[in-house]
Amino acid sequence: RSLVVVHFWAPWAPQCTQMNDVMAALAKEHAQVTFVKLEAEALPEVSEKYGISSVPTFLFFKNSQKVDRLDGAHAPELTKKVQRHAASSSVSAGSNDGVKEDLNVRLKKLINAAPCMLFMKGSPKEPRCGFSKQMVEILNKHGISFSSFDIFSDEEVRQGLKTYSNWPTYPQLYVAGDLIGGLDIVKELEASGELDTVCPKAQKLEDRLKILINKAPVMLFMKGSKQVAKCGFSKQIIEILNSTGIDYETFDILEDEEVRQGLKTYSNWPTYPQLYVKGELVGGLDIVKELKESGELLPILKGEN
């Protein structure tokens, strides 16, 4: 029944080393919790099984079941999650009120994480019940912009949200932090024509991608940011760009699955990082390396070529 925290890390990423130090400190504080380090790129089959696409990533297991995850080097959030899950493993009846209060704060944050939030079984790409599937189809049909939360990924949220919202079933749809309802209510809103006025419309993906690509004269779409690269290829391309002294902006494709998948099709380029100059695709790491070696990179970045 004890909590196991697994850190998927890489030796080339300084943020992973920092988080290992955080884990070591937490291990001293929580003797009942087991902390494990796994080198993500050395165990590709394990990383793939658990959907590890960047480092550091932390998975939380209880009774051999995955109960939570944390992507990125967020020491305060890791500390909070360890404290919460460790407490719920050995919570006494007298301390239930504090746990409930913490959960309500968390639920409120999740509900307000996007203007339109859907709590469902599975994901929009892979719904895991018929009602969730129908809800996603209706929202997509009306071009509604929404984010989602898989209630199967967190039993605490799954049970807690029923009480918090006084709504016993899933899916549940929220707009601007307020509960709209489940599938039946959304169907009624669709039939009455009110759904389009209640929910925010999605900006067309192609238009959104054009705006992002042209956000700065030099735009890099990568895993992570200038400060913290989350894959070896992104780290290398940043080092090359920094050596040129040219200003550039970055977009973290791990933060937006729609952009991550859509840009591959839009640019007909299947991998990341991707470098754009004045809205035109230059290419990935290999091409940038070739341009640097040939002396063409700087003129291209300056828009001279």
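As recorded by an unreviewed UniProt entry, the protein carries the name Glutaredoxin-3 and is attributed to Apaloderma vittatum.

Draft legend 1. Layout of the side chain of Lys-62. With respect to the helices and strands, the residue Lys-62 is situated in strand 3 (residues 57–62). No salt bridge is formed by the buried Lys-62; the nearest opposite charge belongs to Glu-156, separated by 7.2 Å. A polar contact of 3.1 Å, which involves the side chain of Lys-62, links it to the backbone oxygen of His-85.

Draft legend 2. How the structure looks around the packing of helix 10 (residues 232–244) against helix 12 (residues 285–294). Closest axis-to-axis distance for the helix 10/helix 12 pair is 10 Å, and the angle between their directions is 30°. Judged by the inter-axis angle, helix 10 sits roughly parallel to helix 12. When the axes of helix 10 and helix 12 are compared, the crossing they make is left-handed. The segment helix 10 lies against helix 12, with Phe-233, Gln-236, Ile-237, Ile-240 and Ser-243 engaging Leu-285, Val-288, Lys-289 and Lys-292. A class-by-class count of the residues in the contact of helix 10 with helix 12 yields 5 nonpolar, 2 polar and 2 charged.

Draft legend 3. Structural view of the pairing of strand 10 (residues 249–252). Two strands pair when backbone bridges link them, and strand 9 (residues 218–222) and strand 10 are joined in this way by 4 bridges, in the parallel orientation. Paired with Phe-221 across the strands is Phe-251, a residue of strand 10. Taken together, strand 9, helix 10 and strand 10 form a β-α-β motif whose crossover is right-handed.

Draft legend 4. A look at the packing of aromatic side chains. Overall, the coordinates contain 5 aromatic pairs when judged by the stated rule. Relative to Phe-251, the ring of Phe-221 has its centre 5.7 Å away and its plane inclined at 40°; by these criteria the two rings are tilted. On the criterion of sequence distance, the pair formed by Phe-221 in strand 9 and Phe-251 in strand 10 is long-range, its members being 30 residues apart. On the basis of relative accessibility, which here comes to 16%, the residue Phe-251 falls in the buried class.

Draft legend 5. Representation of the packing of helix 5 (residues 130–141) against helix 7 (residues 183–192) within the structure. Helix 7 packs onto helix 5 with a crossing angle of 25° between their chain directions and a minimal axis gap of 10 Å. The orientation of helix 5 with respect to helix 7, classified from their angle, is roughly parallel. With respect to the hand of their crossing, helix 5 and helix 7 are arranged in left-handed fashion. Judged by residue contacts, Phe-131, Gln-134, Met-135, Ile-138 and Lys-141 of helix 5 engage Leu-183, Val-186, Lys-187 and Glu-190 from helix 7. Residues that form the contact of helix 5 with helix 7 fall into these classes: 5 nonpolar, 1 polar and 3 charged.

Draft legend 6. Local environment of the confidence of the model for the protein. Per-residue confidence for the protein averages 89 on the pLDDT scale, and 94% of its residues sit at or above 70. Contacts from residues 91–95, a stretch scored under 50 in pLDDT, to residues over four places away or in other chains number 2 contacts.

Draft legend 7. Expanded view of the sheet that holds strand 2 (residues 34–39). The 4 strands lie next to each other as 2-1-3-4, forming an open sheet whose pairing is mixed. Of all the strands in the sheet, the pair left with one neighbour each is strand 2 and strand 4 (65–71). Across the sheet, the mean angle from the axis of one strand to that of its neighbour is 20°, orientation sign disregarded. Where strand 3 lies against strand 4, 6 bridges are found, and the strand directions are antiparallel.

Draft legend 8. Local environment of the nonpolar core. If you look at the biggest cluster of nonpolar residues, it comprises 19 residues, and the most contacted ones within it are Val-218, Leu-220, Leu-275 and Leu-301. Of all elements in the fold, only strand 9, helix 10, strand 11 (274–277), helix 12 and helix 13 (297–301) reach the threshold of two or more residues within this core. A per-element tally of this core places helix 10 first, with 4 residues. In contact with Leu-220, not counting residues within four places along its chain, are Ile-237, Ile-238, Leu-241, Tyr-248, Glu-249, Thr-250, Phe-251, Pro-273, Gln-274 and Leu-275. Judged by nonpolar contacts, the second largest core, of 16 residues, contains Cys-116, Leu-118, Ile-144 and Val-186.

Draft legend 9. The sheet that holds strand 9, seen in detail. Spatial strand order, 10-9-11-12: 4 strands in an open sheet with mixed pairing. Two strands lie at the open edges of the sheet, namely strand 10 and strand 12 (280–283), each paired on one side alone. Neighbouring strand axes in the sheet, compared pairwise and without regard to direction, differ in orientation by 30° on average.

Draft legend 10. Just the domain arrangement of the protein, in detail. When cut into domains, the protein gives domain 1 (3–87), domain 2 (103–198) and domain 3 (207–302). Centre-to-centre separation of domain 2 and domain 3, based on C-alpha positions: 34 Å.

Draft legend 11. View of the pairing of strand 11. Burial along strand 11 is two-sided: Gln-274 and Tyr-276 and Leu-275 and Val-277, pointing in opposite directions, are all buried. Relative to strand 11, strand 9 is paired through 4 bridges, and the arrangement is antiparallel. Counted as the bridge partner of Phe-221 is Gln-274 from strand 11. Inspection of the sheet shows strand 11 paired to strand 12 by 3 bridges, in the antiparallel sense. Looking across to strand 12, one finds that Val-277 is bridged to Glu-280. Between strand 11 and strand 12, which pair antiparallel and follow one another directly, the connecting turn spans 2 residues, one of which, Lys-278, has a positive phi of 50°.

About the thresholds
Residues numbered from 1 in each chain as written. Predicted model: local features only at pLDDT ≥ 70, side-chain atom pairs only at ≥ 80, totals over all residues. Heavy atoms only, no water. Helix = DSSP H or I, 4+ residues; strand = E, 2+ residues; numbered from the N terminus. Buried < 20%, exposed > 50% of the residue type's maximum accessible area, 1.4 Å probe, protein only. Lys, Arg positive; Asp, Glu negative; His and termini not counted. Salt bridge = Lys/Arg side-chain N within 4 Å of Asp/Glu carboxyl O. Polar contact = N/O pair within 3.5 Å; in protein donor to acceptor, adjacent residues only side chain to side chain. Axes fitted to C-alpha atoms, helices over the stretch in contact; angles between N-to-C directions. Parallel < 35°, antiparallel > 145°, perpendicular 65-115°, else oblique. Left-handed = near helix turned anticlockwise from the far one by under 90°. Contact = heavy atoms within 4.5 Å. Nonpolar A, V, L, I, M, F, W, Y, C, P; charged D, E, K, R; others polar. Pairing = 2+ DSSP bridges. Right-handed = clockwise from strand over helix to strand, strands pointing away. Phe/Tyr/Trp six-rings, centres within 6.5 Å; stacked < 30°, edge-to-face > 60°. pLDDT = per-residue confidence, 0-100. Core = buried A, V, L, I, M, F, W, Y, C linked by side-chain atoms within 4.5 Å. Domains from an automatic or database assignment.

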